[in-house]
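One-letter residues, chain by chain:
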Amino acid sequence: MAVEEGASTSSGNTVMCLLTNPEGEPLGAPLYLPQNVGPPQLQEIVNKLLNNDEKLPYAFYISDQELVVQLESYLAQKKVSVEKVLRIVYQPQAVFRIRPVNRCSATIAGHTEAVLSVSFSPDGKHLASGSGDTTVRLWDLNTQTPLFTCTGHKNWVLFIAWSPDGKHLVSGSKSGELLLWDPQTGKQLGGPLTGHKKWITAISWEPVHLQAPSRRFVSASKDGDARIWDTSLKKCVISLTGHTLAVTCVKWGGDGHIYTGSQDCTIKVWETTQGKLIRELKGHGHWVNSLALSTEYVLRTGAYDHTGKTFSSPEEMKEAALARYKKMRGNAPERLVSGSDDFTMFLWEPALSKHHKARLTGHQQLVNHVYFSPDGQWLASASFDKSVKLWNGITGTFIATFRGHVGPVYQISWSADSRLLLSGSKDSTLKVWDIRTHKLKEDLPGHADEVFSVDWSPDGEKVASGGKDRVLKLWMN
Amino acid sequence: MAQGDYIQLHEKRYGKRLDHDERQRKRKAREVKKRSRVAQQALGLKGKRIAKQNYREKVQMKKTIAMHEESSTRRKIDDNVHDGAMPAYLLDRDPTTRAKVLSNTIKQKRKEKAGKWDVPLPKVRPVAEEEMFKVIRTGKRKTKQWKRMVTKVSFVGPSFTRKPPKYERFIRPTGLRFSKAHVTHPELKCTFNLDIIGVKKNPNGQMYTSLGVVIKGTIIEVNVSELGLVTPAGKVVWGKYAQVTNNPENDGCINAVLLV
């Protein structure tokens, strides 16, 4: 009986499917597929059509919803007609899989004031943190103990940034000065870089595929201008003035443009040879809090990826970084998302036009942090309304809300395979969210006070978090 | 003081003295010494007055000097390292400290416990038991006095059944029982005749609340389904609180204002 039923269902019903890539281009012609085909079979078909040498994993989406069951169950559920061509979007997934962190492996004390920012180096081997006690500390990941304490700042260290080749660390403080550090020895490289009159809000390095070894970085400050500094000349080479109020965030894009978002509700696009303003993106009704680029993760990690390869010469690094960047970007232009105090975000394609491509509404409080996933498919936004929202990274359509925090969510961080999202909040917990199931994966309590900064290491092994309770916590699986 | 202008007339006709300017100059030079001598030697009220005047002038002069000495060069940024370090995204924001949030929640809890609600009539006249109840004498010789009749308006509810008359202590006369109230919406200023669902709180005590006595200031719950109110979640609101604003036993009707 069961066999007969099975035979009857598999014989008659087929459905016409068209596989398309995330940008909408179809892969081959429409195919007649039997209805008992599920994601594994579709994966084989895609691998074959793309002539992949190794079997790469793919995820399939029909009208923005992931396909996890066989086609016939999906059709029965959704009551989709078999006469129309079914468009299935395939998305390449990361080959490696990151395990979610679920335990705090170390609580390292050392800072005497709140930890304001933590950051892993691009190769994931070093960890640095800046704090309100005016020091930058480097931590040893193998023994989970303090390594170096870098003193020299006169006021709180607000922001730290690793160069994409991992050779330099720059930190900006509340008094407006920037200091360069050597992560191997913990010593300061040269004197303080002064020029800004008020505190530093953000720092971004030039991508390594544009120049290796990394020399230039841009810093944004409350006094309204962004400055491009050269580390070998140890001075400010270009000053990007134009904003009337504080510049809250700055990003150096992969095509060589600098994007600055400011409290005067505008985003300005600058070119870097002369510091001229290219475009001004208007539209927000209140402060622009955060910017995110679709290629941000690749620019941050430079030439390093999950294989853990080291490079001997800067040229090799530059080529590898360029290859990674090209693969990430594809043919599409770079996308920029800005999160603002007016509770909305805008999706821009700054290379094409000065009008926004999409407006992302839904948050009920200001959006504090926006971050593209490492593969650029998703966009996550953290807001003071205690929720984290997930959006489609290409079109900007809303996908899901992650609720669970009981206080404003401050910062988010993606795992390197884009399957997990980490959020740190004022309620002193960190939460790991699963992108596939749109649910909470892990709850990481343990901090005694607000969590100001979180970072997931690029190799996916560890998560570091720091906050008002002055300790740095390392989380592992 | 010269009366008349004969001095000026002479000056006009014959000119000034030849050493006039010299004398004026020397006189002015001596003014300084004279002023100083006077200031030092003057006594009494006059001395005080002069001292006060001089002090005022001195202060003014010092201020002008300080103002001129202010340089226009930029000063260094305030170097002191403050407590309460915050990341850059929180720096421009006004944080309500956790203490303030906690104190707000504690205050709210206290308010709830004390039962102090935000009502249109916060103070009502307290009604004494003698005014509220009339003693009913019962028994064969009318000596027993344990029954009481409520003299104010009451609400009993649709499914009310009296206790056996032999045992009921509180008598609520049917003439004073009401089931509808004239409820005014404070913003829309229109009045509706709505059913009473129940008596929520009588300010005189919870005994009267449980009896269902309605006097001025009582909070009652009314059926507002005919107003068509909807909660933000999409559910229909069918009961709301209202506070009684008249003395129903005098008027024969219950007038209330809706608590929005």
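Residues numbered from 1 in each chain as written. Chains lettered and ligands numbered in written order. Predicted model: local features only at pLDDT ≥ 70, side-chain atom pairs only at ≥ 80, totals over all residues. Heavy atoms only, no water.

- Per an unreviewed UniProt entry, chain B is named Ribosome biogenesis protein NSA2 homolog, and its organism is Rhynchospora pubera.
- Quoted verbatim from the Subcellular location (unreviewed entry) heading of the UniProt record, the comment on chain B is "Nucleus, Nucleolus".
- What the UniProt record of chain B gives under Function (unreviewed entry) is the line "Involved in the biogenesis of the 60S ribosomal subunit. May play a part in the quality control of pre-60S particles." (UniProt positions renumbered as here; feature names shortened; annotations may be inferred.)

- Looking at an unreviewed UniProt entry, chain A carries the name Notchless protein, with the source organism given as Rhynchospora pubera.
- Here is the UniProt Subcellular location (unreviewed entry) comment for chain A, exactly as written: "Nucleus, Nucleolus".
- Recorded in UniProt under Sequence similarities (unreviewed entry), the annotation for chain A is "Belongs to the NLE1/RSA4 family."

Quick look at the overall build of chain A
For step 1, the next point in the chain: Looking only at helices and strands, chain A features five helices and 37 strands.
For step 2, the next point in the chain: Expressed as a percentage of the 477 residues in chain A, the buried residues total 58%.
For step 3, the next point in the chain: In chain A, the share of contacts with a sequence separation of at least 24, taken over all contacts with a separation of at least 6, comes to 51%.
For step 4, the next point in the chain: Accessible area of chain A: about 19,100 Å², with a carbon and sulfur share of 51%. (Helix = DSSP H or I, 4+ residues; strand = E, 2+ residues; numbered from the N terminus. Buried < 20%, exposed > 50% of the residue type's maximum accessible area, 1.4 Å probe, protein only. Contact = heavy atoms within 4.5 Å. Areas by Shrake-Rupley, 256 points an atom, 1.4 Å probe, with all protein chains shown as cover.)

Quick look at the overall build of chain B
For step 1, the next point in the chain: The helix and strand tally for chain B stands at eight helices and eight strands.
For step 2, the next point in the chain: Residue pairs in contact within chain B that sit at least 24 positions apart in sequence constitute 44% of those at least 6 positions apart.
For step 3, the next point in the chain: Of the accessible surface of chain B, which amounts to about 20,500 Å², a share of 54% is contributed by carbon and sulfur atoms.

Considerations on the layout of surface pockets
Residues and elements named next belong to chain A.
For step 1, the next point in the chain: Empty space within the largest pocket amounts to approximately 1,500 Å³.
For step 2, the next point in the chain: Lining the largest pocket are 50 residues; nearest its centre among them are Pro 92, Lys 327, Met 328, Pro 374 and Asp 375.
For step 3, the next point in the chain: Of all the elements in the fold, those that place two or more residues in the lining of the largest pocket are strand E5 (86–92), helix H4 (296–301) and helix H5 (314–329).
For step 4, the next point in the chain: No other element matches H5, which puts five residues into the lining of the largest pocket.
For step 5, the next point in the chain: Across the lining of the largest pocket, the residue classes break down as 22 nonpolar, 15 polar and 13 charged.
For step 6, the next point in the chain: Taken domain by domain, the makeup of the lining of the largest pocket includes at least three residues from each of domain 1 (14–92) and domain 2 (103–476). (1 Å grid on protein atoms, 1.4 Å probe; cavity = no way out; pocket = protein on both sides within 12 Å on 5 of 7 lines; lining within 4 Å. Points joined across faces, edges and corners; volume = space filled by probe spheres on them. Nonpolar A, V, L, I, M, F, W, Y, C, P; charged D, E, K, R; others polar. Domains from an automatic or database assignment.)

Some words on the nonpolar core
As a rule of thumb, nonpolar side chains are buried together in soluble globular proteins.
For step 1, the next point in the chain: Counting 29 residues, the largest nonpolar core has Trp 414, Leu 421, Leu 422, Leu 430 and Trp 456 of chain A as its most contacted members.
For step 2, the next point in the chain: Elements supplying a minimum of two residues to this core: strand E3 (58–62), strand E28 (378–383), strand E29 (387–392), strand E31 (409–414), strand E32 (420–425), strand E33 (430–434) and strand E35 (451–456) of chain A. (Core = buried A, V, L, I, M, F, W, Y, C linked by side-chain atoms within 4.5 Å.)

Here's the deal with the sheet that holds strand E17 (residues 226–230) of chain A
Residues and elements named next belong to chain A.
For step 1, the next point in the chain: Read from one edge of the open sheet, four strands run E15-E16-E17-E18, paired in antiparallel fashion. Sheet topology places strand E15 (200–205) and strand E18 (235–240) at the edges, where each strand pairs with a single neighbour. Averaged over all pairs of adjacent strands, the angle between strand axes in this sheet comes to 25°, irrespective of strand direction.
For step 2, the next point in the chain: As paired elements, E17 and E18 share five bridges and run antiparallel to each other. In the strand pairing of E18, Arg 227 is matched with Ser 239. (Pairing = 2+ DSSP bridges. Axes fitted to C-alpha atoms, helices over the stretch in contact; angles between N-to-C directions.)

Some remarks on the sheet that holds strand E8 (residues 126–131) of chain A
All names here are of chain A.
For step 1, the next point in the chain: Spatially, E7-E8-E9-E10 is the arrangement adopted by the four strands of the open sheet, whose pairing is antiparallel. Both edges of this open sheet fall to strand E7 (115–120) and strand E10 (145–150), since each of them pairs with a single strand only. Averaged over neighbouring strand pairs, the angle between their axes works out to 25° when direction is ignored.
For step 2, the next point in the chain: In the sheet, E8 pairs with strand E9 (residues 136–140) via five bridges, with the strands oriented antiparallel. Bridging from a neighbouring strand, His 126 pairs with Asp 140 of E9.

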